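Chains, contacts and geometry: an overview
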Amino acid sequence: MSLFPVLQTSGSALYVNRVWMDAIADNLANVNTINAFDEPAFQARYVVAEAIRTDNNEAIGIGGGTRVAGVEFGDEQGRLRYQPDHPYANEQGIVRYPDIDLGDQMTQLIIAQRSYQMNLTVIDRARDAYLQALNIQPR
Amino acid sequence: MLDLTMRAIQASLDGLAARQRITAENIANAEVPGYLAGRVDFESSLRDALEQADLSDLSVNTSTSLAPTGMNGNNVNLDEESVSLIDTGLRFQMMTEAMNAKFHLLKTSLRRDS
């Protein structure tokens, strides 16, 4: 059992959100990556989070934070685009772009970033509260 | 002079100080290729000693983290280390308060009047 449980709980969320931002960064970095036509397109990474169940808080129904359960991959068909001058184009002049929507990725990036800040704020507030508790003086 | 409580508090202050040092070291080496994060365990040794009510052989054990490494062979998790800094700081403060309370008791018992 943890002495200051909020720190572990919000700390786990910090990590999950950072992995999420890493995944979005990877998706954005590869938004123009073109693979050969007979190969699958670059697949967007989707981070899957999972709640941590803890025994010590089970009685009052509070969990222990979140963890990265795994990574799911996006569409391997990609988006087909007519670009006949490209060396990877097939006979019809079609190339395979990854199926990544920029607007969607940028929105996710902001959500992840705000979520990271939110958990940092929770840690800050909890730290203040714990400090106040530690300053209770016996008389 | 030092009773069991004081020695236990002192041992945990020692252990927490060691953990704070290791955490600082981990953060300092967060970008060093091949560096493995260090971990400090003093709680299990202290718990065993307290069960026997004999604090003569206490140890602060350091080990390396078994977390998976990144591409450069480094497995420092900055979020985890930052949280550990706060957690260890709060614990250190708590144990200092406990030691203060202990000394306060001792001082009260030494007073002649009231």
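Residues numbered from 1 in each chain as written. Chains lettered and ligands numbered in written order. Predicted model: local features only at pLDDT ≥ 70, side-chain atom pairs only at ≥ 80, totals over all residues. Heavy atoms only, no water.

Another aspect to go through is the nonpolar core. Ranked by internal contacts, the top residues of the largest apolar core, which has 15 residues, are I9(B), V40(B), F42(B), L46(B), L55(B) and M95(B). Taken together, the elements giving at least two residues each to this core come down to α1 (4–28), α2 (43–52) and α3 (78–110) of chain B. For this core, the element with the highest residue contribution is α1(B), accounting for 8 residues. Listed in part, the 13 residues of the second largest apolar core include I24(A), Y130(A), L134(A) and V83(B). (Core = buried A, V, L, I, M, F, W, Y, C linked by side-chain atoms within 4.5 Å. Buried < 20%, exposed > 50% of the residue type's maximum accessible area, 1.4 Å probe, protein only. Helix = DSSP H or I, 4+ residues; strand = E, 2+ residues; numbered from the N terminus.)

As for its position among the elements, N77(B) is in the loop between β2 (61–64) and α3. Classification of N77(B) as buried rests on a relative accessible area of 14%. A polar atom in the side chain of N77(B) sits 3.1 Å from the side chain of R18(A). (Polar contact = N/O pair within 3.5 Å; in protein donor to acceptor, adjacent residues only side chain to side chain.)

Residues and elements named next belong to chain A. For the coordinates displayed, the defined rule picks out 1 aromatic pair over all chains. In this structure, R81 packs its charged tip against the face of Y97, placed 4.0 Å from the ring centre. Cation over ring: R96 sits above F37, and NZ or CZ is 4.7 Å from the ring centre. (Phe/Tyr/Trp six-rings, centres within 6.5 Å; stacked < 30°, edge-to-face > 60°. Lys NZ or Arg CZ within 6 Å of the ring centre and 35° of its normal.)

Of the pockets and cavities examined, the largest pocket occupies roughly 1200 Å³. Around the largest pocket, the lining comprises 45 residues; the ones closest to its centre are Y15(A), N77(B), L78(B), D79(B) and E80(B). When residues of the lining of the largest pocket are assigned to their parent elements, the largest contribution, 10 residues, is made by helix α1 (residues 5–29) of chain A. Classifying every residue of the lining of the largest pocket by side-chain character gives 16 nonpolar, 16 polar and 13 charged. (1 Å grid on protein atoms, 1.4 Å probe; cavity = no way out; pocket = protein on both sides within 12 Å on 5 of 7 lines; lining within 4 Å. Points joined across faces, edges and corners; volume = space filled by probe spheres on them. Nonpolar A, V, L, I, M, F, W, Y, C, P; charged D, E, K, R; others polar.)

Residues and elements named next belong to chain B. Tallied over the full model, the rule gives 10 salt bridges over all chains. The shortest N-O distance in the salt bridge between R39 and E80 comes to 2.7 Å. Placement of R39 in strand β1 (residues 38–41) and of E80 in helix α3 is noted, with a sequence separation of 41 residues between them. Residue classification places R39 among the partly exposed residues on the basis of a relative accessible area of 26%. For E80, a relative accessible area of 39% corresponds to the partly exposed category. Residues R91 and D87 are paired through a salt bridge, measuring 2.7 Å at the closest nitrogen-oxygen approach. With R91 and D87 both in helix α3 and 4 residues apart, this pair spans about one turn of that helix. Classification of R91 by relative accessible area gives buried; the value is 18%. Several salt bridges converge on common partners, so that one network encompasses R39, E80 and E81. (Salt bridge = Lys/Arg side-chain N within 4 Å of Asp/Glu carboxyl O.)

Note that N26(B) resides in helix α1. Once you skip the residues sitting within four places of it in the chain, N26(B) turns out to touch Y35(B), A37(B), G38(B), R39(B), V76(B) and E81(B). (Contact = heavy atoms within 4.5 Å.)

Moving on, we get to unusual backbone geometry. The phi angle at A53(B) is positive, at roughly 55 degrees, despite the residue not being glycine. Residue position: A53(B) is located in the loop between α2 and β2.

This part takes up the interface of chain A and chain B. Taken together, the 17 residues of chain A in the interface contact 11 residues of chain B. Interface of chain A and chain B: buried area, both sides summed, is about 1300 Å²; carbon and sulfur atoms make up 65% of it. For the pair chain A and chain B, the number of links is 1 salt bridge. A salt bridge links D79(B) to R18(A); the shortest N-O distance between them is 2.6 Å. For the side of chain A that touches chain B, the secondary-structure elements that each account for two or more residues are α1 and α2 (102–134) of chain A. Residues of the side of chain A that touches chain B, tallied by class, amount to 10 nonpolar, 5 polar and 2 charged. (Buried area = accessible area lost by both parts, 1.4 Å probe.)

Our focus in this paragraph is the packing of α1(A) against α3(B). One can describe the packing of α1(A) onto α3(B) by two numbers: an axis separation of 9 Å at closest approach and a directional angle of 165 degrees. When the axes of α1(A) and α3(B) are compared, the pair comes out roughly antiparallel. Classified by chirality, the crossing of α3(B) by α1(A) is right-handed. Along the contact surface, α1(A) presents L7(A), Q8(A), G11(A), L14(A), Y15(A) and R18(A), while α3(B) presents L78(B), D79(B), V83(B), I86(B), D87(B) and L90(B). Partitioned by chemical class, the residues of the contact of α1(A) with α3(B) number 7 nonpolar, 2 polar and 3 charged. (Axes fitted to C-alpha atoms, helices over the stretch in contact; angles between N-to-C directions. Parallel < 35°, antiparallel > 145°, perpendicular 65-115°, else oblique. Left-handed = near helix turned anticlockwise from the far one by under 90°.)

Everything listed here is a matter of coordinates, which is why it stays silent on function.
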